[in-house]
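Geometric and topological summary
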Amino acid sequence: MAVKIRLARRGRKQAPVYDIVVADSRSPRDGKFIEKLGQYNPQSTPAGISLKDDRAVYWLMVGAEPTDTTRKILSVRGVMLKKHLQVGVAKGAITQEVADARFEAWSKEKEAKREVKIAKLAEGKDAAKKAAFEAEKKKRADMEAAQQKAIAEAEAEVAAQEAEATEEAPVAETTEETSAEA
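The following paragraphs examine the structure supplied in this document. (Residues numbered from 1 in each chain as written. Predicted model: local features only at pLDDT ≥ 70, side-chain atom pairs only at ≥ 80, totals over all residues. Heavy atoms only, no water.)

The next point concerns helix α1 (residues 53-61). Here α1 has its buried residues at D53, A56, V57, W59 and L60. Looking straight down α1, one finds its buried side chains confined to an arc of 165°; they lie on one side. (Buried < 20%, exposed > 50% of the residue type's maximum accessible area, 1.4 Å probe, protein only. Helix = DSSP H or I, 4+ residues; strand = E, 2+ residues; numbered from the N terminus. Arc of directions from axis to C-beta.)

As a further point, take the sheet that holds strand β5 (residues 65-66). Read across the open sheet, the five strands follow the order β4-β3-β2-β1-β5; overall the sheet is mixed. Every other strand in the sheet has two partners, leaving β4 (48-51) and β5 as the edge strands with one partner each. Bridge analysis of strand β3 (residues 35-41) against β4 gives four bridges, and the strand direction is antiparallel. Counted as the bridge partner of Y40 is I49 from β4. (Pairing = 2+ DSSP bridges.)

Pairing between side chains of opposite charge can happen when the charged atoms of each approach one another. As enumerated under the stated definition, the model contains nine salt bridges in all. In this structure, R29 and D30 form a salt bridge, with 2.9 Å as the shortest nitrogen-oxygen distance. Connected through salt bridges with shared partners, the residues R10, D19 and K36 form a single ionic network. (Salt bridge = Lys/Arg side-chain N within 4 Å of Asp/Glu carboxyl O.)

Here we come to the packing of α1 against helix α3 (residues 79-91). For the pair α1 and α3, interaxial distance at closest approach is 9 Å and the crossing angle is 55°. What the angle tells us is that α1 and α3 run oblique. Handedness of the α1/α3 crossing: right-handed. Across the interface between the two elements, D53, A56, V57, L60 and M61 of α1 pack against V79, M80, K82, K83, Q86 and V87 of α3. Tallied by class, residues from the contact of α1 with α3 come to seven nonpolar, one polar and three charged. (Axes fitted to C-alpha atoms, helices over the stretch in contact; angles between N-to-C directions. Parallel < 35°, antiparallel > 145°, perpendicular 65-115°, else oblique. Left-handed = near helix turned anticlockwise from the far one by under 90°. Contact = heavy atoms within 4.5 Å. Nonpolar A, V, L, I, M, F, W, Y, C, P; charged D, E, K, R; others polar.)

What follows concerns the nonpolar core. Ranked by size, the top nonpolar core spans 18 residues in total, and within it I5, I20, L37, W59, L74 and V79 carry the most contacts. Mapped onto this core, the elements with two or more residues apiece are β1 (3-12), β2 (15-24), β3, α1, α2 (68-77) and α3. Here this core gets four residues from one element, more than from any other, and that element is α1. (Core = buried A, V, L, I, M, F, W, Y, C linked by side-chain atoms within 4.5 Å.)

Another aspect to go through is α2. One turn of the α-helix equals 3.6 residues, which is why residues spaced by three or four share an orientation. Those residues of α2 lying buried are T70, I73 and L74. The buried residues of α2 occupy one face: seen down the axis, they fall within an arc of 95°. The exposed residues of α2 that point more than 90 degrees off its buried face are D68 and K72. The positive-phi residue at the C-terminal boundary of α2 is G78, with phi of around 90°.

Below, the discussion takes up the side chain of S27. Along the polypeptide, S27 turns up in the loop between β2 and β3. You can call S27 buried: its relative accessible area is 15%. Within polar-contact distance, the side chain of S27 engages the backbone oxygen of K32 at 3.2 Å. (Polar contact = N/O pair within 3.5 Å; in protein donor to acceptor, adjacent residues only side chain to side chain.)

One non-glycine residue, Q14, adopts positive backbone phi at about 65°. Here Q14 is to be found in the loop between β1 and β2.

What follows is the structure, given as structure tokens:
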């Protein structure tokens, strides 16, 4: 029986969440599985991964084959490196202490890189929000200026019409006076 570590889809339409499972390779994608190892959420930034690392290493050591996507997820979490180091310990190439020290050094370096990346993402989001706010502020100021200009033009037009009406009124009065005299 071939055992695979693979993803099983859950979630709504257009919003997938995947379970990382150990399953017989002949069973359907979302069907029967042997053990659930964790979850993978590609919708969040950065992608959310929760995984039982020790159980994943166990299944890799007994011969379970990860799919391509799952292999990438396991590599990101350091499970593939841990398996590699355990194979070295089993063969006698390195001791368990050396393997643990190498894994700790790798995980500290990886965590530092991850923190920098998350800080950049947060900074980028803040910059985008600030730029959008400034653009909205400028747009609002332009709209208010356009409204003020329209009001000023309307007032000028009304004043011009009133001035025109006052100029025409005396002419009308004089013609009425001349027609009354006649």
